[in-house]
Amino acid sequence: MSAAAATATRAVAQTTRGRIKLIKKPLRRDRYGLPIPHVDIIVRDTHLSRLQDHYHNTLRDDLMYMTYKHEPASRKPQKQAKLRFDPEDPYTKHRFNPPKGGNTWFKQLPPPTTSENVVQLERIQLHTMLESAVASRANLLTAIMAFRTLSGESREAGGRHTAEGVQIVTARTLGGKGWARRGQPIGVKVDLKGPKMYDFLGTLVDFVLPKLRDYNGLPMEGPSRPLDSPSAATGVVSFGLPPYALQFFPQIEVNPDMYPEHFGMHIHFITNATGVGAQNKARALISGFQVPFSRA
Amino acid sequence: MGQQLFDLYSVVLMFSRSALSSCRVSRKVQCLSSPTRSLASVASTSSAIPSPPPPRQKSASGTLKPVLNTAVILTRSPIITRTPTPFERTYFGYHARIQRALHNPFPYDFYFKPGSLLEGRFREKEREREREAFGGPRKTSTTAEEGAEDAPAAAKDVEVLGGEEEVTTVPREHESDRNGDVKDLNRQGERNLHLLILGKNASGKHVWRFPQGGLEQDELLHEAAQRDLHAECGAKMDTWIVSRNPIGVHQPSPEEQLYVFFYKARILSGQVHPDGNNVTDFAWLTKQEIEPRVERPYWLGIKDMLADF
């Protein structure tokens, strides 16, 4: 290639590829007059999570060894659920035909243990129900603000469409005593995932649980409890915190006066464990984060 | 090679036949000879190994009886958080800046009494963090005025509160990391450490290996693992065998029916106290440090059982 041709090529490259294309057209504006960037901006992890690392470096291997069940032979096929009516009968062909003896999803065996399906925390749900919200739904504001403070979550926060933030829970059924109507807002819940979930768990274990009076740990049933009951076959561990525990969270502790009402809450640890005995696997996982358990 | 092996084992046998008779298991182990055995890391190697020689007893069927041994991989889990890699640091910093730029306005009125000392101190801190994230303060007219108003107030606040209390951070590197002390349990705080001992093998030679021992009559494997660990490393430590399931099995030689089952354990407190006779030295090592110390066939058998990080 001659020198002249090389120079020509360089000139073309500079004009087409080498130069940064300047944005000349002004950015579109949203309804508040703010510029809309031409790429989606999403906030992802902003820090290394201590407990998440603890899970991956320490707990994961141990949990696999603890929950491993040696199955050298392949499993026998599970018995097919018998339907209540003959499905071939023209009369019952397209009718509701539930299995005989009801739904038995909780009798299913857990999947074979592999390194891929080790029990893992998926999300933590905080939930509270305020009876005072029946009289005035404005009473929910305290709980909403407290949950936003505790979780740091808000709707579509950081450009993530799946972030739901703090949600209002409405009454589902007609209250037995008739004190709540169907569809009436009576509670608040929030789902925590990812690093924020682990941060909340750390706060709970380090600051809140040690300060509770006469607290032995999360209640746990005796060993004689069957493993194939609906609760024992879901990989969920739930417990409740009393109203006075709210002030022990450091986020609330800085200004407890701003929350006129203190309320208790349910905390659900939701894991990926399924099948018979899944709850015990979930307990093994949670106790690895130093959450205490005690036999009731 | 085969002839050498045979010679080695005959020498080994002369030394340790009496010592080994207590370790032998007379039970016939059916599961080991079944073809469906699918345990994690079965390594087949063919050279000298730091383990007792196989017995010469023959069962009724004419095959050698298998001998079971247990070994314990005693682990110290990480005690400090991991140092983020330069890439992670950049990534986290980038997303922290996006978050800082886009987050909802902080509700000062909700968290602080207006005009309180704490509020002034928090605003001052926040300005520092803003400068750290996005460089120097923007010199627009409004911010300059605000800054001029707030600055003396903040300075006064800090004076009144007596300044910040001194916060000293402990160095991430322990003293033992600097002087190369491999016996200290505080070394390499962010890594998993495994206990390796310098112990006699069957031929009386000292080699680096994991604590190991035989089974007694009618003893379960995980119980034997606990007993053997204390027999070789002393009872002055709290340990916990993680699972009743072995995490791997190592067959030192394909011709002999010797199987070493590895158990995972964690140390909670205390330290190893070798007896000085059978076991002379010990070291807490990361996976990468173990490789040059142990013999090659042994390394190939155990490397998949150790924590990478």
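Every chain is numbered on its own, with residues counted from 1 as its sequence reads. Chains carry letters from A onward and ligands carry numbers from 1 onward, assigned in written order. Owing to the predicted nature of the model, reporting of local features is limited to residues with pLDDT of at least 70; listing and counting of side-chain atom pairs is limited to 80 or more, with chain, interface and lining totals taken over all residues. Hydrogens are left out, water is left out, and the side-chain values use all remaining heavy atoms of the structure.

Undergrad: Is there a simple way to think about the overall build of chain A in this case?
TA: When its secondary structure is counted, chain A shows seven helices and seven strands. Helical segments are the DSSP runs of H or I of at least four residues, strand segments are the runs of E of at least two, and each set is numbered from the N terminus. Along chain A, helices (α) and strands (β) appear in the sequence α-α-β-α-α-β-β-α-β-β-α-β-α-β when read from the amino end. Split into buried and exposed, the 296 residues of chain A put 33% on the buried side. The criterion used for residue contact is that any of the two residues' heavy atoms lie within 4.5 Å. Residue pairs at least 24 apart in sequence account for 72% of intrachain contacts in chain A once pairs closer than 6 positions are excluded. Accessible surface for chain A amounts to roughly 18800 Å². Of this, 55% is attributable to carbon and sulfur atoms. Throughout, exposure labels follow a simple rule: accessible area from a 1.4 Å probe, protein chains only, divided by the maximum for the residue type, with under 20% read as buried, over 50% as exposed, and the rest as partly exposed. Each accessible area is a Shrake-Rupley estimate made with a 1.4 Å probe; only the visible protein chains count as cover when residues are assessed.

Undergrad: Just to check I follow, could you spell out the nonpolar core for this structure?
TA: Grouped burial of nonpolar side chains is what soluble globular proteins tend to show. Counting 53 residues, the largest nonpolar core has Ile124(A), Leu126(A), Leu241(A), Ile267(A) and Phe269(A) as its most contacted members. Residue contributions to this core peak at seven residues, all from helix α5 (residues 194–208) of chain A. If sequence neighbours within four positions are ignored, Phe269(A) has contacts with Leu121(A), Arg123(A), Ile124(A), Leu201(A), Leu204(A), Leu218(A), Gly235(A), Val236(A), Val237(A), Phe239(A) and Ile286(A). Side-chain atoms within 4.5 Å are what join buried Ala, Val, Leu, Ile, Met, Phe, Trp, Tyr and Cys residues into a set we call a nonpolar core. Ile197(B), Leu215(B), Val272(B) and Val279(B) belong to the second-largest nonpolar core, a separate cluster that totals 24 residues.

Undergrad: Hey, could you run me through the pattern of salt bridges in this one?
TA: Oppositely charged side chains are able to pair whenever their charged atoms sit close together. Salt-bridge detection follows one rule: a side-chain nitrogen of Lys or Arg within 4 Å of a carboxyl oxygen of Asp or Glu. As enumerated under the stated definition, the model contains 27 salt bridges over all chains in all. Asp62(A) is the partner of Lys264(B) in a salt bridge, and the nearest nitrogen-oxygen pair spans 3.2 Å. Linking Lys264(B) in strand β8 (residues 258–270) with Asp62(A) in helix α2 (residues 50–67), this pair reaches from one chain into another. As far as burial versus exposure is concerned, Lys264(B) and Asp62(A) are alike and both buried. Between Glu130(B) and Arg100(B) there is a salt bridge; the shortest N-O distance is 2.9 Å. Taken together, the residues Glu130(B) in helix α5 (residues 117–134) and Arg100(B) in helix α3 (residues 86–102) connect sequence positions 30 residues apart. Among the charged side chains, a salt-bridge network with shared partners connects Arg100(B), Glu126(B), Arg129(B) and Glu130(B).

Undergrad: Can you walk me through the packing of aromatic side chains in this structure?
TA: In this description, an aromatic ring pair is defined by two values, namely the gap between the centres and the angle between the planes. Only Phe, Tyr and Trp rings are paired, with Trp represented by its six-membered ring, and only when their centres lie within 6.5 Å; those with planes under 30 degrees apart are stacked, over 60 edge-to-face, the remainder tilted. Summed over the entire model, instances satisfying the criterion amount to 17 aromatic pairs over all chains. Ring geometry for Phe147(A) and Phe263(A): centres 6.0 Å apart, planes at 65°, overall edge-to-face. Taken together, the residues span a long stretch of sequence, with Phe147(A) in helix α4 (residues 140–151) and Phe263(A) in the loop between α6 (250–253) and β6 (265–274) at a distance of 116 residues. Each member of the pair Phe147(A) and Phe263(A) is classed as buried. For the ring pair Tyr108(B) and Phe122(B), a centre distance of 5.9 Å and an interplane angle of 70° mean the geometry is edge-to-face. In this pair, Tyr108(B) is assigned in helix α4 (residues 108–111) and Phe122(B) in helix α5, connecting sequence segments 14 residues apart. Judged by its relative accessible area of 23%, Phe122(B) is partly exposed. An aromatic cluster is present here, built from Tyr259(A), Phe106(B), Tyr108(B), Phe110(B), Tyr111(B), Phe112(B) and Phe122(B) joined pairwise through their rings. In this scheme, the term charge over a ring applies when either NZ of a lysine or CZ of an arginine sits within 6 Å of the ring centre and within 35 degrees of the ring normal. Above the face of the Tyr108(B) ring, Arg123(B) is positioned so that its terminal group lies 3.9 Å from the ring centre.

Undergrad: What is the right way to look at the packing of α2(A) against helix α7 (residues 278–287) of chain A in this model?
TA: In helix packing, the relevant descriptors are the interaxial angle and the interaxial distance, both defined with respect to the helix axes. All names here are of chain A. Axis definition: a line fitted to C-alpha atoms, limited for helices to the stretch in contact. Angles are taken between N-to-C directions and run from 0 to 180 degrees. Contact geometry of α2 with α7 gives a least axis separation of 10 Å together with a crossing angle of 145°. Relative to α7, the crossing made by α2 is right-handed. Between α2, through Tyr 55, Leu 59, Leu 63 and Thr 67, and α7, the contact on the second element is made entirely by Lys 281, Ala 284 and Leu 285. The classification used treats Ala, Val, Leu, Ile, Met, Phe, Trp, Tyr, Cys and Pro as nonpolar, Asp, Glu, Lys and Arg as charged, and all other residues, Gly among them, as polar. Looking at side-chain class alone, the contact of α2 with α7 contains five nonpolar, one polar and one charged residues. The hand of a helix crossing depends on one turn: near helix anticlockwise from the far one by less than a right angle means left-handed, and clockwise means right-handed.

Undergrad: I tried to follow the interface of chain A and chain B on my own but got confused; where do I start?
TA: Quoted interface sizes are often the accessible area lost when the parts come together. Tallying the contact residues gives 28 residues for chain A and 27 residues for chain B. Computed with a 1.4 Å rolling probe, the buried area is the accessible surface lost when two parts are put together, summed over both parts. For the pairing of chain A and chain B, the buried interface totals around 2400 Å² over both sides, and the portion due to carbon and sulfur atoms is 60%. Of all residues in chain A, Leu48(A), Asn57(A) and Tyr65(A) give up the largest surface area on contact with chain B, accounting jointly for 23% of the area buried on that side. The tally of links from chain A across to chain B stands at three salt bridges. Here Arg266(B) ties to Asp62(A) by a salt bridge, and the two come within 2.6 Å at their closest N and O atoms. Under this definition, polar contacts are N or O atom pairs within 3.5 Å; protein pairs additionally need one hydrogen-donor-capable and one acceptor-capable atom, and for neighbouring residues in sequence, both atoms have to be side-chain atoms. Put simply, chain A and chain B have twelve residue pairs in polar contact (both at pLDDT 80 or more) between them. Put simply, the parts of the chain that give the side of chain A that touches chain B at least two residues each are α2 and α4 of chain A.

Undergrad: Just checking my understanding: could you explain α4(A) for this structure?
TA: Every α-helix winds through 3.6 residues per turn, so residues three or four apart in the chain are directed the same way. Spanning twelve residues, α4(A) covers 16 Å between terminal C-alpha atoms, matching the ideal 16 Å at 1.5 Å per step. Among all positions in α4(A), only Leu140(A), Thr142(A), Ala143(A), Ala146(A), Phe147(A), Thr149(A), Leu150(A) and Ser151(A) are buried. By definition here, a helix of n residues has an expected span of 1.5 Å times n minus one.

Undergrad: When you look at the confidence of the model for chain A in this model, what are you seeing that I'm missing?
TA: Detailed reading of the predicted model is not advised wherever pLDDT is low. A residue's pLDDT is the confidence the predictor assigns to it, expressed on a 0 to 100 scale. Averaged over chain A, the pLDDT score is 88; the fraction of residues at 70 or greater is 92%. Segment residues 1–15 of chain A is flagged for pLDDT under 50; beyond a separation of four residues in sequence, or across chains, it makes five contacts in the model.

Undergrad: Could you clarify how one ought to interpret the packing of α2(A) against α5(A) in this entry?
TA: Residue and element names in this part refer to chain A. Axis separation between α2 and α5 bottoms out at 7 Å; the angle between their running directions is 95°. As summarised for this structure, α2 and α5 are arranged roughly perpendicular, according to the angle between their axes. Mapping the contact onto sequence places Arg 50, Leu 51, Gln 52 and Tyr 55 in α2 and Pro 195, Tyr 198, Leu 201, Gly 202 and Asp 206 in α5. When the residues that make up the contact of α2 with α5 are grouped by side-chain class, the tally is five nonpolar, two polar and two charged. Any angle from 65 to 115 degrees is called roughly perpendicular, while one under 35 is roughly parallel, one over 145 is roughly antiparallel, and all others are oblique.

Undergrad: So what exactly am I meant to see when it comes to the side chain of Lys264(B) here?
TA: When its relative accessible area of 9% is taken as the criterion, Lys264(B) is described as buried. Engagement of the side chain of Lys264(B) in a polar contact is seen with the side chain of Asp62(A), the distance being 3.2 Å. Not counting residues up to four positions away in its chain, the partners in contact with Lys264(B) are Asp61(A), Asp62(A), Tyr65(A), Ile73(B), Thr75(B), Trp240(B), Ile241(B), Val242(B), Ser243(B) and Ile247(B).

Undergrad: I'm lost on the sheet that holds strand β2 (residues 166–170) of chain A in this one. Help?
TA: Sheet strands line up and pair through hydrogen bonds in the backbone, either parallel or antiparallel. Residues and elements named next belong to chain A. By this definition, two strands are paired if DSSP reports at least two bridges between them. Here five strands make up an open sheet; going across it, the order is β2-β3-β1-β6-β5 and the pairing antiparallel. What marks the edges here is a single partner per strand, and that holds for β2 and β5 (234–241). Strand-to-strand twist of the sheet, defined as the mean angle between neighbouring strand axes without regard to direction, takes the value 25°. With six bridges joining them, strand β1 (residues 121–129) and strand β3 (residues 185–192) adopt antiparallel strand pairing. From the neighbouring strand, Leu 126 faces β3, where its bridge partner is Val 190. The sheet strands contacting α4 are β1, β2, β3 and β6, and the helix crosses β3 at an angle near 5°. Strand contacts of α7: β1, β5 and β6, with the helix running at about 60° to β5, the strand carrying the most contacts.

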